[in-house]
Structure formats: C-alpha cells, structure tokens
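Listed below are the residues making up each chain.
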Amino acid sequence: MSETKDVLILAIESSCDETAAAVVKNGREVLSNVISSQIALHTLYGGVVPEIASRKHIEKINQVIEEALKEAEVTLDDIDAIGVTYGPGLVGALLVGVAEAKAIAYAKKKPLVGVHHIEGHVSANYIEHPDLEPPFLCEIISGGHTHLVIVKDYGSFEILGRTRDDAAGEAFDKVANDYGKYEIIGHTRDDAAGEAFDKVARAIGLGYPGGPKIDKLAKEGNPHAIDFPRAHMEDAPYDFSFSGVKSAVLNHLNKCRMTGEPIVEADIAASFQQAVVDVLVDNAIRAAKDYHMDRLAIAGGVASNGALRAAMEAACEKEGIRFYRPSPIFCTDNAAMIGVAAYYEYRKGTRHGWDLNAVPNLKLGER
C-alpha cells in the first residue's frame, strides 16, 4: 500500500440503537459522521427493544450512508474499504450493518473490514488527539462494558481489569430506572452496564436513558450527602464491581419510603455518581502508576459524563499523567470511531470474507 495515497474508509455502526455511517480519511480526519438515534422511540419502553431497533436500522441505513457520502463529498467509487461493527451488540441490529457492508463491498469490489465495537470506542481518542499513539492506558466505560486496558498497539490490548458484575453504565441505569430490564449489548460477568444505569434512574423517577439524566440531576445535588459504598477487589485491584452501590441506592430509597424520610433525588443522584466516579478514577490512576504509563485515555458512553471527566482530569494533573478523552459525540455510539479502527486494521492487512457474521458476545481481542 502506498504511504502517500489517502485512504478513505466508509464505516457503518448498528450495534444497538444508533444507525450511523461515516467517512474517515487516513484514520484521523472525519469527513462525515451521520447518526440516526432511536432514543426517543425506546424511551417509550424504558430501554432498548431489540426487535424495534433492528427494524429501524433497516429503515434508516441506506439513508444514513447516502447522507454520509454526500456530506464527505465522495462516492462509493472513491472509498478504499468498508468498515463495519460486527460485535459485540444486539445480534439483529449487528446483522443489518454487516449485511449492508457486505453488499456494498461485494457490489463495488471493495475490501471488507470487520471492527470490534470496543476497539472503536478506544479509537475515538485518535480523532481529536493527533499526538496520541500506542502504548497508553485506556479505561472503556459504556453501557455494557467497563474495561481497563493497556493499548499496546493499534487494535492490540492487554486487559488489566473489568467488571465482576454490573458495569458502570449498568449501575447508572439501574439507579435511574428501577426494575426495568431489557436486552443490552456486550459482555460482562453477569449483569451488563446499561441495565444498572436504567434501574437506578427509574428508581428516582428519571426514566431512560439513565446516564445523561443522572449526570444532569447530580449537578443540583450534594455528592457527599449519602455515603454509598466503593468496591475495591484485593485479589484483582483493577477489576470493578458496581452491584453493591446499585443495591445500596435501592435500599436507601426503600428505607426512606418505609420510614417517611424525605427522598432528595438530586442528592441521591450526586452521591451515587460520586461513588462510581471515585472507583473509576482510583482504579485507572492506580494502574497508570503501577504500569508506569504517563498517558491515560477514557472511552465509551459513560466517558461523556461530566463529573467523571472533571475528576479524571484533576487526578491526572495531580499525578503528572497526560489525559485524553473524546468529545461527547465520539463517546456514544458513532461510525467515525469505527472508521478510525477500520483504517488501522486495514493498514495491518485485516480483511474479512463474505462469511463475516454478527458476533453478539465478541470478546475484546477476539477476531
């Protein structure tokens, strides 16, 4: 491959409830990033309904791709490769994107590059930080995943820690939504992150999606009003557990209702959020110091949380660690991050055949 020729990737993302397409140039320059969100629709049901998500992807995907090409002022003939998320995620939603990518690649005789969704989240950091190159430490915090990894090279990871039960995103949603349960993306050891976020949000009357609503309400509350637990694993110091804090919030609410004690929703949201943020920051900083990493990045939907971003920045500044985070639009699901990851996979020679399939429980590091 010529080092001087520009490489254009058309990327497709449909792992959950956003239908997205983007055109990325040379792995760092986003020419277009079009996202069709289904949040308003799924809010009616308190969470993502997989069958509805799949149908909406089918309705929107051609339109989104056409808009991305138009915005980038390119045609399919100008594209060098097609990148697509093939896991993890909702299987029906993933299949829509994979089928579309295979059809375009076959019709236009373009290389097909399947992308791991979590690799995409990590790669979002490359878009706005031209100085960021591996190796560095990255904490990926999303609805279905909480991982602490060393990014050894583009697309190459060493996993230091992960969730034992609820991921951070799941804890936020459980506090927000109470007893709401739906199929969510990704792999954790039992509950996934988005479920916990929604339950917490509903419990204090916020509804879906829990994470942004808790972040907003917490700004009005006292983060030290209630001392919710922070879980740390002595046998695995970089692992995460958020089921304890989720249960503590629900127990606090039940106690207040039984005793007639006033429920201050903003204080609950702020105190819960602070407990989660403290664990995320502590684990990341501990790993950075233990592994002598002077660069730390965050990624994933929860990485857009204002309290987390501020706390992580302050901790990194104190320890002399350079801190990187994507803009919020690149934290949540989008195709630009998939295009970046696809570019580096393409440069490494990664190619997929027409047998590429959706892998809903694809583990980080698997191909």
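Cut-offs used in this document
- Within each chain, residues carry numbers counting from 1 in the order of the written sequence.
- Per-residue local features of the predicted model are confined to residues with pLDDT of at least 70, and side-chain atom pairs are confined, for both listing and counting, to 80 or more; whole-chain, interface and lining totals are unaffected and use all residues.
- The side-chain numbers reported here are obtained from all heavy atoms of the structure, hydrogens and water having been left aside.
- Pairing of aromatic rings covers Phe, Tyr and Trp, the last counted by its six-membered ring, and requires centre-to-centre distances within 6.5 Å; plane angles under 30 degrees mean stacked, over 60 mean edge-to-face, and any other angle means tilted.
- Strands are runs of DSSP state E lasting at least 2 residues, helices are runs of H or I lasting at least 4, and numbering of each runs from the N terminus.
- Relative accessible area decides the class of each residue, using a 1.4 Å probe on protein chains only: under 20% of the type maximum gives buried, over 50% gives exposed, and in between gives partly exposed.
- Strands pair, by our definition, only if DSSP identifies at least two bridges between them.
- A fitted line through C-alpha atoms represents every axis, and for helices the fit uses only the stretch in contact; the resulting angles, taken between N-to-C directions, go from 0 to 180 degrees.
- Note on definitions: a residue-residue contact is assigned when non-hydrogen atoms from the two residues lie within 4.5 Å.
- Between N or O atoms, a polar contact is any pair within 3.5 Å; within protein, one atom must be a potential hydrogen donor and the other a potential acceptor, and residues adjacent in sequence are included only when both atoms are from side chains.

Trainee: Could you clarify how one ought to interpret the packing of aromatic side chains in this entry?
Mentor: By convention here, two paired aromatic rings are described through the distance between centres and the angle between planes. Here the structure, examined in full by the defined rule, presents 8 aromatic pairs. Taken together, a centroid distance of 3.8 Å and an interplanar angle of 0° make the contact between tyrosine 154 and tyrosine 344 stacked. One end of the pair, tyrosine 154, is in the loop between strand E7 (146-153) and strand E8 (156-162); the other, tyrosine 344, is in helix H13 (residues 335-347), with 190 residues separating them in the sequence. The exposure class assigned to tyrosine 154 is buried, which follows from its relative accessible area of 16%. Relative to tyrosine 344, the ring of tyrosine 343 has its centre 4.9 Å away and its plane inclined at 80°; by these criteria the two rings are edge-to-face. This pair shows no difference in class: tyrosine 343 is buried, exactly as tyrosine 344 is.

Trainee: What is the right way to look at the sheet that holds strand E10 (residues 322-324) in this model?
Mentor: Note: strands within a sheet are paired through backbone hydrogen bonds, in either parallel or antiparallel orientation. If you trace the 5 strands from one edge of the open sheet to the other, you get E8-E7-E6-E9-E10, paired in mixed fashion. Of all the strands in the sheet, just E8 and E10 have a single pairing partner and so form its edges. When strand polarity is set aside, the average angle formed by the axes of neighbouring strands in this sheet is 25°. Pairing geometry for strand E6 (residues 136-141) and E7, over 6 bridges, is antiparallel. Its bridge partner lying in E7, isoleucine 141 is registered against threonine 146.

Trainee: Would you explain the environment of glutamine 274 in this entry?
Mentor: Along the chain, glutamine 274 falls in helix H10 (residues 265-290). A sequence separation of 56 residues divides glutamine 274 from alanine 218, and the C-alpha atoms of the two residues are 9.0 Å apart. The residues touching glutamine 274, leaving out its near neighbours within four places in the chain, are Pro223 and Arg230. Polar side-chain contacts of glutamine 274 include one of 2.8 Å to the side chain of aspartate 278.

Trainee: Even after reading the chapter, I still don't get the pairing of E7, so can you show me in this structure?
Mentor: Each regular strand carries side chains that alternate between the two faces of the sheet. The element E7 is largely enclosed, with a buried count of 6 among its 8 residues. Pairing of E7 with E8, which is carried by 6 bridges, proceeds in the antiparallel orientation. When the sheet's bridge partners are listed, histidine 147 is paired in E8 with arginine 162. Joining the antiparallel neighbours E7 and E8 is a turn of 2 residues, in which glycine 155 adopts a positive phi near 80°.

Trainee: Any chance you could explain the side chain of serine 123 here in plain terms?
Mentor: The residue serine 123 is located in helix H4 (residues 117-123) in this model. Accessibility expressed as a relative area gives 5% for serine 123, which makes it buried. Once residues within four sequence positions are removed from consideration, serine 123 is found in contact with Met337, Val340 and Ala341.

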